[in-house]
Amino acid sequence: MDYGALLALFLTLAIFSYIYKETVIFRFAEHMFLGLATAHRMVAAYKYVVDNAWTPMMRGDFLIIGGFVFGILILLMLSKRTEWVSRWPLALMTGATVGLGVRALISVNFVRQISATFEPFALRLDALKALDVVGVLIGTVTTLAYFTFTYRHQGVLKVSSRIGRIVLMLGLGGYFGNVVMSRLTLLSGRVVEILKTLGLVPA
Amino acid sequence: MAKINRLLKTLYEDPKVVYTLLWMTLVIPYLSPLGLPIAVSPRTKTAYDTINALKPGDVIILSVDINAGAWGELGAGGTAIMRHLFEIPGIKIVIVNFDVQGHIFALRILDFIDKHGKEYGKDYVLLGFVPGGKAVGGAALASDIHKVFQKDFYGTDTSSLPMMEKIRSYKDVSVIVDVDWGQGTEAFLYQWVGPYKSKLIAHMTSMMAPTFEPHYNAGNIIGFIVGIRGAAEYELLAKKPGVGVATTDALSASHLLVVLSVIVGNIVYFSMKRRR
């Protein structure tokens, strides 16, 4: 008997009992999930500090003390009197994250995407691909026209901004469709696990 | 007509009816498969071909960023990809995770796939959670894997693992395969693909796919396996149909229900409005 699978079955049904109404069983499952997820994250963080900071420090790698002290300083935010000290490590972390995040932002998010949008049609021998490129080009330009607020939307700008609005609606519709699909897949994932536990489909 | 409208309105006003119908459309195809056709998209084919073309000695970073909520959508694809990677002789697989729960699911897959004689430490390693977040963690991993992971997931010194002697940074990695619900892809895009032009294959949830679709079109992501549908395509390419293919049937039926509900809902709404 696989007790883990039975527990998973019970907890899944407990969560889905919310469709009927919010019950004690639902709240038990909800709190258990949150508690487990938080505890797991804490253990992972503790393990990382021990493996990568504490153990090397005990072996004589004292350079790591700086990072260790900065990490401890973050905890000072728990007191109002010492809260200001925690801004130093937070500033360092934010600066490092922003700096590293920005370094490839231009090439990945702008240069390559713009060049892909305006790729010369001559290079696309496939008629369908050429049509795809034209579609993307028209979509990009008209959507940008929709967000042009410097000029009054008249004449060509009016037409292109209206097309841009339709492109945006199509895009958002596609996005929503994917969200629905994703949610249904998650549900089907639980359904298949339930059927496996009940022995209705092979494990 | 008015009676039918009232009946439909009563049915659709109660969410329990819709949920019951939804459960039925999901359960029945599992019990009695419909066998609906699945066409393989070029983006999944590119991902499969890239992995299939790996040669002995090539190093793969496999980032398993599946959490409990995403297992239903990424489990089948993650399994198909990992099974395929273990079938290729001579390649070295480095498994990491940016999601804190990722290693749980990596272990779950490792437990039941055939490893084709690959040995832990010589052919594959499980390093575990990459701390520091997408930017700092991703950048640190690219510049020095040994500094991020002084020990592997089991507590063994990383430097003592034979295959890790020659694997130190992005320079030693041939392809990154990221099975992800949204944690690791940005790390690899901005810290590996952007600065170092690494090759990235991504398998992600349908919900996250539109966000990363432009990156596939721009060539930042070279192979793109989207949701359970992509997983089903991958299973078909690998000639090992499994959960992905079975789930696609159930999903098609449930989508049909959603479309029908939208149509019926609109008919009822407009007929009621006209009567008023």
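Given the structure is predicted, the values throughout are model-derived calculations rather than measurements.

## Looking at helix α6 (residues 127-146) of chain A
All names here are of chain A. With 20 residues, α6 should reach 28 Å at 1.5 Å per residue; the first-to-last C-alpha distance of 28 Å fits that figure. What α6 keeps buried is the set A130, V133, L137, G139, T142, T143 and A145. Here the buried face of α6 lies against α5 (105-117) and α7 (155-197).

## A closer look at the pattern of salt bridges
Enumeration over the complete set of coordinates arrives at twelve salt bridges over all chains. Residues R27(A) and E22(A) are paired through a salt bridge, measuring 2.9 Å at the closest nitrogen-oxygen approach. For E22(A), a relative accessible area of 44% translates into the label partly exposed. With its nearest N and O atoms 2.7 Å apart, the salt bridge here joins E213(B) to R43(B).

## Quick word on the pairing of strand β3 (residues 124-129) of chain B
All names here are of chain B. For β3, a buried count of five out of six residues is recorded, marking the element as mostly surrounded by other parts of the structure. Pairing of strand β2 (residues 92-97) with β3, which is carried by five bridges, proceeds in the parallel orientation. Bridge assignment links N97 to a residue of β3, and that residue is F129.

## Here we look at the interface of chain A and chain B
In this assembly, 49 residues from chain A lie in contact with 56 residues from chain B. For the chain A and chain B pair, buried surface summed over both sides reaches about 4400 Å², with 67% attributable to carbon and sulfur atoms. Among the residues chain A hides against chain B, the three largest losses belong to I19(A), R112(A) and L184(A). Together they make up 13% of the total. Summed over the shared surface of chain A and chain B, the result is one salt bridge. Residues R59(A) and D157(B) are paired through a salt bridge, measuring 3.9 Å at the closest nitrogen-oxygen approach. Put simply, the parts of the chain that give the side of chain A that touches chain B at least two residues each are α2 (24-58), α4 (87-103), α5 and α7 of chain A. It is α7(A) that contributes the most residues to the side of chain A that touches chain B, 19 residues altogether.

## What to know about the nonpolar core
Residues and elements named next belong to chain B. Counting 36 residues, the largest nonpolar core has I61, V94, M164 and F224 as its most contacted members. Top element by residues in this core is helix α8 (residues 184-196). It accounts for six residues. L54, L85, I91 and I93 belong to the second-largest nonpolar core, a separate cluster that totals 35 residues.

## Comments concerning the confidence of the model for chain B
In regions of low pLDDT, the predicted coordinates are not meant to be interpreted in detail. A residue-level look at chain B finds 98% of positions with pLDDT of 70 or above and a mean pLDDT of 90. The complex model carries a pTM of 0.85, and its ipTM stands at 0.76.

## What to know about the packing of helix α4 (residues 71-87) of chain B against helix α10 (residues 227-237) of chain B
Residue and element names in this part refer to chain B. α10 packs onto α4 with a crossing angle of 25° between their chain directions and a minimal axis gap of 8 Å. When the axis of α4 is compared with that of α10, the two are roughly parallel. The handedness of the crossing between α4 and α10 is left-handed. Here α4 contributes G72, E73, A76, G77, A80, I81 and H84 to the contact with α10, which in turn contributes G227, I228, A231, Y234 and E235. Each residue belonging to the contact of α4 with α10 can be placed in one class, and the counts come to six nonpolar, four polar and two charged.

Rules used throughout
Within each chain, residues carry numbers counting from 1 in the order of the written sequence. Here every chain gets a letter starting at A, and every ligand a number starting at 1, in the order they are written. Residue-level local features of this predicted model are given only where pLDDT is at least 70; pairs of side-chain atoms are given and counted only at 80 or more, and the full residue set underlies all totals for whole chains, interfaces and linings. As a convention, hydrogens and water are excluded, and side-chain values are obtained from all of the structure's heavy atoms. A run of H or I in DSSP counts as a helix once it spans at least four residues, and a run of E counts as a strand once it spans at least two, with each numbered from the N terminus. Expected helix span is taken as 1.5 Å per residue step, with the number of steps being one fewer than the number of residues. Summary of the burial criterion: residues with accessible area below 20% of their type's maximum are buried, those above 50% are exposed, and those between are partly exposed, where the area comes from a 1.4 Å probe applied to protein chains only. Contact between two residues is taken to exist if any of their heavy atoms lie within 4.5 Å; hydrogens are not considered. The working definition used for a salt bridge is a side-chain nitrogen of Lys or Arg within 4 Å of a carboxyl oxygen of Asp or Glu. What makes two strands pair is DSSP finding at least two bridges between them. By buried area we mean how much accessible surface two parts lose on assembly, using a 1.4 Å probe and totalling the loss over both. Take the buried residues of types Ala, Val, Leu, Ile, Met, Phe, Trp, Tyr and Cys, join any two whose side-chain atoms come within 4.5 Å, and each joined set is a nonpolar core. Along the chain, pLDDT gives the predictor's confidence residue by residue, from 0 to 100. Every axis corresponds to a line fitted to the C-alpha atoms, with the helix fit spanning only the stretch in contact, and the corresponding angles, defined between N-to-C directions, vary from 0 to 180 degrees. Between 65 and 115 degrees an angle is taken as roughly perpendicular, under 35 as roughly parallel, over 145 as roughly antiparallel, and anywhere else as oblique. The crossing is said to be left-handed when, going from far helix to near helix, the turn is anticlockwise and less than a right angle, and right-handed when the turn is clockwise. Each residue receives one of three labels: charged for Asp, Glu, Lys and Arg, nonpolar for Ala, Val, Leu, Ile, Met, Phe, Trp, Tyr, Cys and Pro, and polar for the others, Gly being one of them.

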